[in-house]
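Structural description and commentary
Residues per chain are reported as follows:
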Amino acid sequence: MAGGNSVRNNKAHGKARKSQQGNGGSLQLLKGSPLKYKKIKPSKETRQLWIKKSHLEYEIELKKLQIELMKLQNHMKATGMRILAIFEGRDAAGKGGTIKRITAFLNPRLTKVIALARPSDTEMTQWYFQRYVPHLPSAGELVLFDRSWYNRAMVEPVMNFCTDEQHKRFLKDVSLFEEMLVKDGIKLFKFYFSVSKDEQERRFAARKTDLLKQYKLSPVDNLAQKLWDKYSVKKFQMLNESNRTLSPWTIVRSDNKKSARINCMKYLLSNLEYEEKLPIKELRPDPAIVISGIDEIKHMERNLFSPRTLHG
């Protein structure tokens, strides 16, 4: 009987996989988007709403990539793959929103989002990387850091939360630390979300009037615009010292949040191998949105003395 059940289960899984291809796949995508209401007929219980075509396209693309992430997680569970994704960038750059879309339908037991508070008095006396080590991924886990040890590269030196010596030591040590992680088998992704000064200002203003976003407000926000150029200098130093072959930076232009989310997910998926992966052309990110760390360094070298032309 057990063998018969196994055969039936395998057939069922085969049918389920086939249903996600062709027209069946399209139906699966519609279920998680506003298009699922398209065929509803007018009645006393319904209301007509107008939605931008671009928004519908975004929702369908997002659902497709979220299904791919579920495939990836199944592969990770089966093989023990470990993935660590670091999300850095200025305040209001769109890091948190991207993380939410990535994790939306993943198994929370194998997915961890780490956003550490300021270090305690005890942690202040420890090796700088020590409080991050317990959160590194185990077999089958995806760990996403919403800010990471790179606080010491930008926020801390700009806000005088660390000494110059601590900042310099961090820049020397970080590549060695990450090299150990990669050589131990962890798949490491470092994303820097790049938002323009004007867009950051608009998002800060939105936070003040939107009750659902006010939890994001912090005293540091008030200084982010004023200290914009100082952050740019520290970003340049960070990229120069920590963009390495084994642990490169990936820059995501994020003035358009939806485009940033889609392209970040595409980059992640396109650089990993897993079963039933979509054709690479469907996962290729837009080169105008996703920039290599070395290309960002070159851009900053050309424009460092022209702050208005620098990306965030």
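Because the structure is a prediction, the values reported are computed rather than measured.

**With respect to the side chain of Thr250**
- The topology assignment puts Thr250 in strand β5 (residues 249-253).
- In contact with Thr250, not counting residues within four places along its chain, are Lys190, Phe191, Tyr192, Tyr267, Val290 and Ile291.

**Concerning empty space enclosed by the protein**
- In this structure the tally under the stated criterion is one cavity of 30 Å³ or more.
- Roughly 110 Å³ of volume is contained in the largest cavity.
- What lines the largest cavity is a set of 13 residues, among which Gly89, Arg90, Arg147, Val155 and Tyr231 lie closest to the centre.
- Mapped by element, the contributors of at least two residues to the lining of the largest cavity are β1 (83-89) and α9 (228-242).
- Of the residues belonging to the lining of the largest cavity, the class tally is six nonpolar, three polar and four charged.

**So, the nonpolar core**
- Counting residues in each nonpolar core, the largest one holds 35 residues, and the members touching the most others are Leu84, Phe145, Trp149, Tyr150, Phe170 and Met238.
- Sorting the residues of this core by element identifies β1, β3 (142-146), α5 (155-158), α6 (164-183), β4 (187-194), α9, β5 and α11 (293-303) as the ones contributing at least two each.
- For this core, the element with the most residues is α6, which contributes five residues.
- Those residues within four positions of Leu84 in sequence are excluded, and the remaining contacts are Leu136, Pro137, Val143, Phe145, Trp149, Leu181, Ile186, Lys187, Leu188 and Phe189.
- With 33 residues, the next largest nonpolar core counts Val195, Leu269, Leu272 and Tyr274 among its residues.

**Some details on the packing of aromatic side chains**
- Inspection of the entire model under this criterion finds 19 aromatic pairs.
- Centroid distance Tyr128 to Tyr132: 6.0 Å. Interplanar angle 55°. Geometry classified as tilted.
- With relative accessibility at 16%, the residue Tyr128 sits in the buried group.
- Judged by centre distance (5.6 Å) and plane angle (55°), the rings of Phe145 and Trp149 are tilted. Each member of the pair, Phe145 together with Trp149, is buried.
- One aromatic cluster is present, formed by Trp127, Tyr128, Phe129, Tyr132, Phe145, Trp149, Tyr150, Phe170, Phe177 and Trp249 through successive ring pairs.
- The ring of Trp228 is capped by Arg90, whose NZ or CZ atom sits 3.6 Å from the centre of that ring.

About the criteria used
Counting restarts for each chain: residues are numbered from 1 in the order of the written sequence. Residue-level local features of this predicted model are given only where pLDDT is at least 70; pairs of side-chain atoms are given and counted only at 80 or more, and the full residue set underlies all totals for whole chains, interfaces and linings. With hydrogens and water stripped out, all remaining heavy atoms of the structure feed into the side-chain values. Secondary structure elements are taken from DSSP: a helix is a run of H or I of four residues or more, a strand is a run of E of two residues or more, and numbering for both begins at the N terminus. Should any heavy atoms of two residues lie within 4.5 Å, those residues are considered in contact. The definitions used throughout rest on a 1 Å grid laid over the protein atoms alone, on which a cavity is an enclosed set of points accommodating a 1.4 Å probe that cannot get out and a pocket is an open set flanked by protein within 12 Å on both sides along at least five of seven lines; lining residues are those having an atom within 4 Å of a point. Grid points are joined across faces, edges and corners, and a volume is the space filled by probe spheres set on the points. Side-chain classes are defined by residue name, with Ala, Val, Leu, Ile, Met, Phe, Trp, Tyr, Cys and Pro counting as nonpolar, Asp, Glu, Lys and Arg as charged, and the others, Gly among them, as polar. Nonpolar core, defined: a set of buried Ala, Val, Leu, Ile, Met, Phe, Trp, Tyr and Cys residues in which side-chain atoms within 4.5 Å join the residues together. Throughout, exposure labels follow a simple rule: accessible area from a 1.4 Å probe, protein chains only, divided by the maximum for the residue type, with under 20% read as buried, over 50% as exposed, and the rest as partly exposed. Any two rings among Phe, Tyr and Trp, with Trp reduced to its six-membered ring, count as a pair given centres within 6.5 Å; such a pair is stacked if its planes are under 30 degrees apart, edge-to-face if over 60, and tilted if neither. Put simply, a charge is over a ring when the Lys NZ or the Arg CZ is close to the ring centre, within 6 Å, and near the line of the ring normal, within 35 degrees.

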